[in-house]
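Structure assessment
Below, each chain spelled out in residue letters.
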Amino acid sequence: MRTQRQVVDYSLQRRAVLRDVRNGKVSPLEVCDASPYLKNAATFHGEPTEERCPICRRDNLTLVHYVYGDELKQSAGQAHKVAELPVLAMTLREFQVFVVEVCRSCSWNHLIERYVLGRDALGEDESPIQWKTGSVSQVGEGRR
């Protein structure tokens, strides 16, 4: 996505948790604690992956994208499909996206990535708003 920035990858943390589960330092019950809301979000808003669950190996993981930002007001914290994110990115100035992987079988879940989206990352010449004055199209002049 063109406006994606400030990406934080949690793969090292995920790897450490899985290592601790394999070594017996952490019980699978401790890491398989997805809430019913998260599992429902995975069912209705999640994006299926080809990756098997690292705990139960029964089901493929599902990615859930949660969005947070001041401009979202009451809808902050809601799950969205990936296809909806570009529309939000062109509509809102800035918001954060948290990507959580979920196994709907055993309730494994882990935050895998966080990033910022929004039109604030677009430069003057890339503004999504185009205004027409006469026969010449003016790009990036702001709101009139």
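Residues numbered from 1 in each chain as written. Predicted model: local features only at pLDDT ≥ 70, side-chain atom pairs only at ≥ 80, totals over all residues. Heavy atoms only, no water.

**Here's the deal with the nonpolar core**
In this structure, Val67, Leu85, Phe95, Val97 and Leu117 are the most contacted members of the largest nonpolar core, which totals 13 residues. For this core, the secondary-structure elements that each account for two or more residues are β3 (60–68), α4 (85–91), β5 (95–102) and β6 (109–117). (Core = buried A, V, L, I, M, F, W, Y, C linked by side-chain atoms within 4.5 Å. Buried < 20%, exposed > 50% of the residue type's maximum accessible area, 1.4 Å probe, protein only. Helix = DSSP H or I, 4+ residues; strand = E, 2+ residues; numbered from the N terminus.)

**Here we look at the environment of asparagine 109**
For asparagine 109, the position within the fold is in strand β6. For the pair asparagine 109 and leucine 63, spaced 46 residues apart in sequence, the C-alpha separation works out to 9.5 Å. If sequence neighbours within four positions are ignored, asparagine 109 has contacts with Val31, Asp33, Ala34, Leu38, Val100, Glu101 and Val102. Only 3.1 Å separates the side chain of asparagine 109 from the side chain of aspartate 33, close enough to count as a polar contact. Polar contacts involving the side chain of asparagine 109 include one to the main-chain carbonyl oxygen of serine 107, which spans 3.1 Å. (Contact = heavy atoms within 4.5 Å. Polar contact = N/O pair within 3.5 Å; in protein donor to acceptor, adjacent residues only side chain to side chain.)

**Considerations on unusual backbone geometry**
Although it is not a glycine, lysine 73 sits at a positive phi angle of roughly 50°. Summarising the element assignment, lysine 73 is placed in the loop between β3 and β4 (78–80). Phi angles above zero are rare outside glycine, and serine 107 is one such case at about 75°. With respect to the element layout, serine 107 can be found in the loop between β5 and β6.

**Overview of the pattern of salt bridges**
One pass over the structure, following the stated rule, counts 3 salt bridges. We note a salt bridge from glutamate 51 to arginine 14, for which the minimum N-O separation is 3.1 Å. Of this pair, glutamate 51 sits in strand β2 (residues 47–52) while arginine 14 sits in helix α1 (residues 11–22), and the two are 37 residues apart along the sequence. Overall, glutamate 51 belongs to the partly exposed group, its relative accessible area being 39%. Given the relative accessible area of 15%, arginine 14 is considered buried. (Salt bridge = Lys/Arg side-chain N within 4 Å of Asp/Glu carboxyl O.)

**Section: the confidence of the model for the protein**
In the predicted model, the protein carries a mean pLDDT of 84, and the fraction of residues at 70 or more is 81%. Across the protein, α1 holds the top mean pLDDT of 97, while strand β8 (residues 136–139) sits lowest at 40. Counting interchain partners and residues more than four positions distant, the pLDDT-below-50 stretch residues 127–144 has 24 contacts. (pLDDT = per-residue confidence, 0-100.)

**Quick notes on helix α3 (residues 36–45)**
Since the α-helix turns once every 3.6 residues, residues separated by three or four places project in the same direction. Within the span of α3, buried status applies to Leu38, Ala41 and Ala42. Angularly, the buried residues of α3 cover 100° about the axis, an arc narrow enough to put them on a single face. Summarising the geometry of α3, the exposed residues directed more than 90 degrees from the buried face are Pro36, Tyr37 and Phe44. As for α3, its buried residues are in contact with β3, β4, β5 and β6. (Arc of directions from axis to C-beta.)

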